[in-house]
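Results of the structural survey
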Amino acid sequence: MVVNTEAKSCLATRFIRPLNIPPALVVDSAPTLDKMNDLAKYVARIPYVSDTLLFPEAVDIWTTNDQFLNLQCGDDEEHALLLLSYFLYLKTSAYLILGNPVTGRSGAYVLTKAGDSDGWLIWDATTGRSYQTDSINCPLKDVGIVVDATNVWANVQHTGSPRQMQWLLTNTVNWKPFWPAKQPATGQELISAQPEAFTYEPVPFGLKQELEILLKNQIVTRVMEERTQYITRWNIECDRRLYALLGSMEQDQLRGTDLQAYHERELRDLLVIYEIYGFPLNIPFTNTDGVTDIILATGVHKIDSNDVEFSVAVNVTTYPHSVISLWVYFVVLLKRH
């Protein structure tokens, strides 16, 4: 049983239902795994916010897919449930896993078949990454239960390690079902807590440009406020170069491009004059103050000297229902002697 936003207990199976995917997000002719990866990246772009921040007085709360998309934030259960709903919409065999990750706290993941093989994939919906069940990099350490819309299976094997487990749910030696057969017969089905469909609102005109200008101005202001005892110069030419590089970061990241080598080539004439220190960050967008705090926490601006220059570029990529992928490139330039 889980708790919904009305503080009522609810069967976890009621939170599992296919949901129409965002328009124009995937290529219809693309292989299913490519579509799944694109959908996983979309879900991961929605900021992670713990339930203790959203519902301070409550226990762990499960919100529905429409609530999650409208709130534009949630924890691992919300991310996993939405990704699972998208996979089910693609007619992919998929399940919800509840267990414990290497961080120690409870967590939710998505389980799917690994293509046409006998293997399985575990998806971390908060990062958009998938792992073979035998991968040493898989963040899931201990599997407790597996859930779909019809049943709940408790792991009764001697281990909860994904690398050592058997994943055939029909094997009652390893998996104990909550119901001996699929839950309630026709005519007695439990009503799903999830919406049957969702209407994705178009991205407001000018949102990209508005956020880019607002965020850049705020970062510049905060850096200068923290360096009041020093002269803070901004290199406009480097700003222009960094912004051009950020324009391709979203797709470069998906394609696995060697970003360091590419960026060094694009900045090579500036690197003749300056030593450049810094990096691009892909940051979930919650609010401008939160983003600025993350940038300043890198400490790039903490140089006790007047003889330095700074450069910052902000790039916003918008997705259906105003889901945002935010890239910030912040560097310090030191003149070569």
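Higher on the page you've got the structure.
What you see is a predicted model, and the numbers here were worked out from it, not measured in a lab.

Some details on the packing of helix α1 (residues 32-44) against helix α4 (residues 76-89)
- It is the contact of α1 with α4, at a shortest axis distance of 10 Å, that shows an interaxial angle of 155°. The angle between the axes of α1 and α4 places the two elements in the roughly antiparallel class. The two elements α1 and α4 meet at a crossing, and its hand is right-handed. Counting all contacts with α1, which are made through M36, L39, A40, Y42, V43 and A44, the residues of α4 involved are H79, L82, L83, Y86 and F87.
- Within the contact of α1 with α4, the residues separate by chemical class into 10 nonpolar, 1 polar and no charged.

What to know about the environment of I213
- Relative to the helices and strands, I213 is located in helix α5 (residues 207-226).
- When its relative accessible area of 54% is taken as the criterion, I213 is described as exposed.
- In this structure the C-alpha to C-alpha distance between I213 and N315, which are 102 residues apart in sequence, comes to 9.4 Å.

Some words on α1
- The terminal C-alpha atoms of α1 lie 18 Å apart, and with 13 residues this matches the ideal 18 Å at 1.5 Å per residue to within 8%.
- When α1 is considered as a whole, its buried residues turn out to be K35, M36, L39, A40, Y42, V43 and A44.
- Considering only its buried residues, α1 is in contact with α3 (65-71), α4, β4 (107-113), β5 (120-124), β12 (309-319) and β13 (323-335).

A look at unusual backbone geometry
- Look at A24: it is not a glycine, yet its phi comes out positive at around 60°.
- Structurally, the position occupied by A24 is in the loop between β2 (9-10) and α1.
- Unusually for a residue other than glycine, K91 sits at a positive phi of about 65°.
- Structurally, K91 is set in the loop between α4 and β3 (94-101).
- K91 gets classed as exposed once you look at its relative accessible area, which sits at 76%.

Conventions used here
- Residues numbered from 1 in each chain as written.
- Predicted model: local features only at pLDDT ≥ 70, side-chain atom pairs only at ≥ 80, totals over all residues.
- Heavy atoms only, no water.
- Axes fitted to C-alpha atoms, helices over the stretch in contact; angles between N-to-C directions.
- Helix = DSSP H or I, 4+ residues; strand = E, 2+ residues; numbered from the N terminus.
- Parallel < 35°, antiparallel > 145°, perpendicular 65-115°, else oblique.
- Left-handed = near helix turned anticlockwise from the far one by under 90°.
- Contact = heavy atoms within 4.5 Å.
- Nonpolar A, V, L, I, M, F, W, Y, C, P; charged D, E, K, R; others polar.
- Buried < 20%, exposed > 50% of the residue type's maximum accessible area, 1.4 Å probe, protein only.
- Expected span 1.5 Å × (residues − 1).

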